[in-house]
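A closer look at the structure
Residue strings, one per chain:
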Amino acid sequence: VRAALYMATLSAVRCEPAMKARYRQLRDRGKPAKVALVACMRKLLTIVNARRRDELRAERAADDHPAAPRRPLASSRHGQ
């Protein structure tokens, strides 16, 4: 898991504006590159966990409130 999170964070620090700004802010404060990267890894992990939590809540809400019941299909009157 750590290797995947590390690679995802490297990509996010280079391409994602919010994560790039967070990394730059930490580096500007004098944090070493690895420390700043690990802090961004933690931030990314909390974002992923929060999104998953929200997805699970949405799924549970959908299960609690099923869609309107469907009407049965009209019977076919072939041959009459």
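Anything mentioned here points back to the structure above.
Quick look at the structure, then. Keep in mind the model is a prediction, meaning the values are calculated, not measured.

1. Observations regarding the packing of helix α1 (residues 2–15) against helix α3 (residues 33–64)
Closest axis-to-axis distance for the α1/α3 pair is 9 Å, and the angle between their directions is 100°. When the axis of α1 is compared with that of α3, the two are roughly perpendicular. Of the residues in α3, those touching α1 at R2, L5, Y6, A8, T9, L10 and V13 are K34, L37, C40, M41, L44 and L45. Within the contact of α1 with α3, the residues separate by chemical class into ten nonpolar, one polar and two charged.

2. A look at the pattern of salt bridges
In total, this model carries three salt bridges according to the counting rule given. Here D28 and R24 are joined by a salt bridge, their closest N and O atoms 3.2 Å apart. Separated by four residues within a single helix, D28 and R24 lie in helix α2 (residues 17–28), roughly one turn from each other. Taking the relative accessible area as the measure of exposure, D28 reaches 58% and is therefore exposed. Close ionic contact of R52 with E55 constitutes a salt bridge, the shortest N to O distance being 3.0 Å. Taken together, the residues R52 and E55, both in helix α3 and three residues apart, mark about one turn of the helix. Residue E55 is classed as partly exposed on the basis of its relative accessible area of 43%.

Scoring rules and cut-offs
- Residues numbered from 1 in each chain as written.
- Predicted model: local features only at pLDDT ≥ 70, side-chain atom pairs only at ≥ 80, totals over all residues.
- Heavy atoms only, no water.
- Axes fitted to C-alpha atoms, helices over the stretch in contact; angles between N-to-C directions.
- Helix = DSSP H or I, 4+ residues; strand = E, 2+ residues; numbered from the N terminus.
- Parallel < 35°, antiparallel > 145°, perpendicular 65-115°, else oblique.
- Contact = heavy atoms within 4.5 Å.
- Nonpolar A, V, L, I, M, F, W, Y, C, P; charged D, E, K, R; others polar.
- Salt bridge = Lys/Arg side-chain N within 4 Å of Asp/Glu carboxyl O.
- Buried < 20%, exposed > 50% of the residue type's maximum accessible area, 1.4 Å probe, protein only.

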